Amino acid sequence: EFARRSEARIRRPDPVVGIGLATTPRSWIYDPAITIDHDVFDTKGNAIARAGQRVNPLDFVTVRQCLVFIDADDRDQLDWAMRRYTDLTAKIVMVKGAPLEAMTRWRRRFYFDQGGYLTARFGIHAVPAVVEPAGKVMRVSEIPVSIGRK
C-alpha cells in the first residue's frame, strides 16, 4: 500500500494550494538580491561577504531560460506553453498535473513546484505565469491564456 501511494504521488504530486486561473494580466519585478546578516568567510578565512552587504545572485549567474508555470490539467494552458516555449527557452513548471505522463507524451522535461515553493517565492497567485530575466531582476507575469493565444 505504501509503495502504491508513493508511486501515485510521484505520478501526480499534490497540486499547489491557492493558485487560480489568470483572468487579468498582472506583472511585477522580483529582485533576488539579499542583504547578508553576518560576515561570510571561505575555508582560508578570507571574507566573501560582509554583514550588511547586498548580494544579487544575478551578478554571478546568467539566467537563460524562462520559468513557465501552468496547470497542466488545463489543456489550453498546456497547449499554450508547448506552442510558445521550447526546452531551450523555458522550463515548464506544473502547479497541477502529471509530469511523468506529460514527459512521455511531449518528449521533453517538465518540473513540478512541489509544496508551492517557487510560486510563493515569486508571489504567483494565478497561472499561466512566466518568470523571465530582466537585467539584474526577474519580471513575473500572470498571463490569461486568451491573451497568450494572440
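This structure is a prediction, so every number in the text was calculated from the model and none was measured. (Residues numbered from 1 in each chain as written. Predicted model: local features only at pLDDT ≥ 70, side-chain atom pairs only at ≥ 80, totals over all residues. Heavy atoms only, no water.)

This part covers the confidence of the model for the protein chain. Mean pLDDT over the protein chain stands at 92; residues scoring 70 or higher make up 97%. Looking across the protein chain, the model is least confident in helix α5 (residues 145–148), with a mean pLDDT of 67, and most confident in strand β7 (residues 66–71), with 98. (pLDDT = per-residue confidence, 0-100. Helix = DSSP H or I, 4+ residues; strand = E, 2+ residues; numbered from the N terminus.)

We now examine the sheet that holds strand β9 (residues 111–112). With respect to topology, six strands assemble into an open sheet ordered β2-β12-β11-β7-β8-β9, the strand pairing being mixed. If you trace the sheet from one side to the other, it starts and ends with β2 (26–30) and β9, each paired once. Across the sheet, helix α2 (residues 75–84) touches β7, β8 (90–96) and β11 (129–134), and the angle it forms with β7 is around 160°. (Pairing = 2+ DSSP bridges. Contact = heavy atoms within 4.5 Å. Axes fitted to C-alpha atoms, helices over the stretch in contact; angles between N-to-C directions.)

Before going further, it helps to spend a moment on the environment of T62. Mapped onto the elements, T62 comes out in the loop between β6 (54–55) and β7. Residue classification places T62 among the exposed residues on the basis of a relative accessible area of 57%. In the structure, T62 is positioned 22 residues away from R84 in sequence and 22 Å away in space, judged by C-alpha atoms. (Buried < 20%, exposed > 50% of the residue type's maximum accessible area, 1.4 Å probe, protein only.)

What follows is about the environment of V140. Within the secondary structure, V140 is located in strand β12 (residues 137–142). Along the sequence, V140 and A129 sit eleven residues apart, while their C-alpha atoms lie 7.1 Å from each other.

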